[in-house]
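# Working through the structure, step by step
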Amino acid sequence: MTNILRSSDGNYISSYYSATANKLDDFTRLEGEIQADVCIVGAGYTGLSTAIHLAEQGKSVALLEAEKVGWGASGRNGGHVGVGQRKSQSELENLFGLEKAKTFWQFGLQAVDLVAELISKHSIQCDLKKGILHVAAKQSDVSYLEQDTALLKNTYGYNKIRNVSKDELEEMVGSTRYYSGQLDSGSLHLHPLNYALGLAKAAADAGVQIFEHSRVTSFKPKKTAQDSLLIETDQGKVQANHMVIACNGYLDKLAPQIAGKIMPINNFVIATEPLGEDLARALIRDDVAIQDSLFVINYWKLSGDNRLVFGGGENYTSRFPKDIRSFVRKHMLRIYPQLAETKIEYGWGGTLAVTMNRMPHFGTYADDIYFAQGYSGHGVPTATFAGKLLSEAICGNPDRFNMYADLTTRTFPGGTLLRWPGLVAGMLYYTLLDKL
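Read on for an overview of the structure. All of these numbers come straight from a predicted model, not from anything done at the bench.

### Focus on the packing of aromatic side chains
- Applying the stated rule across the entire model yields 21 aromatic pairs.
- An angle of 45° between the planes, with centres 5.1 Å apart, marks the rings of phenylalanine 104 and tyrosine 404 as tilted. With phenylalanine 104 in helix α4 (residues 98-121) and tyrosine 404 in helix α12 (residues 399-405), this residue pair connects regions lying 300 residues apart in the sequence.
- We classify phenylalanine 104 as buried; its relative accessible area is 0%.
- Overall, tyrosine 404 belongs to the buried group, its relative accessible area being 2%.

Set out below in structure tokens:
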């Protein structure tokens, strides 16, 4: 079994992504004491994006990573880059009203645009492709997708989306399991670890000091406005004017005041052997990413070398299943029984963080200490965008950051002590609904 919080050998976990990672020189461990305008803890998308945008504003930045750049969920996820928020627009309208819902919709579009802009600007090779297809796993979800498409077109002026009939869907997906679809041509998908590595190179090229294997053990807030923050690792220290906590599902016990606002959960992915061109197109005709409407969703896409990369199944403990490939394979075969004889070459897991309301959790931990977390499975665009908003706030323009920070994020019942049993009970309930 694999511990979710620490690597055993200081390297990336075994996955299709790590096996096909672009080369990037290792970064050194922090030793001794340094100074920076901003110290960022965590070198996933949030930390890397924050670092790049701060460096562009002339700030000196120290970025501390406990393992390796992109080692956590940023290097292990499904690679979907969807527009919008984790909540649907109709849900956002009910929660916040139309005006604020429209603002969050624009943020969602800007987040996807930012991912594409960074990839283009820094020439990041990460198998970037267009399109996400949402598929209805239940008959009752057909009307929901139709209503959502109409809302996005009529109220939000979004014309990169259309409904797909069951007959057309079977041609697009190569499965008879689903009832209808919704094709979003404005969304993207990519190789997540190579995207993270590309961001790291861009940050380093901009002058950011990146330190790997430099787990932060403690930090001391300012006592007065004239003081510096002190961030400590086992072998080093950083004095900084500002700090960003960008740990998300790997926060552990570093910042107790915000730990109860998120729930770390584990999700699992497999990758098949390379498929022939004919079989690959039979499974996903148009090379889009796909995700279904189940509460515990299945999501899949083709890799750059025509493997099926398939995510399915979750658990809610501090350990991964002993046999991840078998754990996920059964979900894949429910959709694609024709792959029964196809070899599964990789299986891996990662830890993400969800919030009670499935909206991201932004805020300040103390004076000049900022955080962003809780992307709830929508992390590639949202965490990248969070980095830009964090940089804006630190540089004196917090308006967009505060749109998220002003949201009410409930603490999980029982805080960090009792949240696991509560979540397991809730997830078992929704899993039962999925099966029914």
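### A word on the nonpolar core
- Counting residues in hydrophobic clusters, the biggest one holds 74 residues, and the most contacted among them are Ile40, Tyr195, Trp348 and Tyr404.
- Looking at this core element by element, the count peaks at 10 residues for α4.
- When near neighbours in sequence (up to four residues on either side) are disregarded, tyrosine 404 contacts Gln85, Phe104, Phe107, Met359, Pro360, Phe362, Phe385 and Leu389.
- Listed in part, the 32 residues of the second largest apolar core include Ala280, Leu283, Ile284 and Val288.

### Description of unusual backbone geometry
- Here the phi dihedral of aspartate 252 falls at roughly 55°; this positive angle occurs in a residue that is not glycine.
- Relative to the elements of secondary structure, aspartate 252 occurs in the loop between β10 (236-245) and α8 (256-259).
- With a relative accessible area of 44%, aspartate 252 lands in the partly exposed category.
- We note that arginine 358 has phi near 65°; this positive angle belongs to a residue other than glycine.
- One can find arginine 358 in the loop between β15 (344-354) and β16 (361-366).

### A look at helix α10 (residues 324-335)
- Of all the residues in α10, the buried ones are Ile324, Phe327, Val328, His331, Met332, Leu333 and Ile335.
- Elements that come into contact with the buried residues of α10 comprise β11 (263-272), β13 (299-302), β14 (308-315) and β15.

### Topic: the environment of glycine 70
- The residue glycine 70 is located in the loop between β2 (61-64) and β3 (80-81) in this model.
- On the basis of relative accessible area, glycine 70 is assigned to the buried category, the value being 1%.
- As for glycine 70 and alanine 196, which are separated by 126 residues in sequence, their C-alpha atoms are 5.5 Å apart.
- Beyond its immediate chain neighbours, meaning those up to four positions away, glycine 70 contacts Tyr12, Ala43, Gly75, Leu193 and Ala196.

### Comments concerning the packing of helix α2 (residues 45-56) against helix α7 (residues 192-205)
- Axis separation between α2 and α7 bottoms out at 9 Å; the angle between their running directions is 30°. Here α2 lies roughly parallel to α7, going by the angle between them. As α2 packs across α7, the resulting crossing turns out to be left-handed. Across the interface between the two elements, Tyr45, Leu48, Ala51 and Ile52 from α2 touch Pro192, Tyr195, Ala196, Leu199, Ala200, Ala202 and Ala203 from α7.
- A breakdown of the residues in the contact of α2 with α7 according to their chemical character gives 11 nonpolar, no polar and no charged.

Reading the values: rules and limits
Residues numbered from 1 in each chain as written. Predicted model: local features only at pLDDT ≥ 70, side-chain atom pairs only at ≥ 80, totals over all residues. Heavy atoms only, no water. Phe/Tyr/Trp six-rings, centres within 6.5 Å; stacked < 30°, edge-to-face > 60°. Helix = DSSP H or I, 4+ residues; strand = E, 2+ residues; numbered from the N terminus. Buried < 20%, exposed > 50% of the residue type's maximum accessible area, 1.4 Å probe, protein only. Core = buried A, V, L, I, M, F, W, Y, C linked by side-chain atoms within 4.5 Å. Contact = heavy atoms within 4.5 Å. Axes fitted to C-alpha atoms, helices over the stretch in contact; angles between N-to-C directions. Parallel < 35°, antiparallel > 145°, perpendicular 65-115°, else oblique. Left-handed = near helix turned anticlockwise from the far one by under 90°. Nonpolar A, V, L, I, M, F, W, Y, C, P; charged D, E, K, R; others polar.

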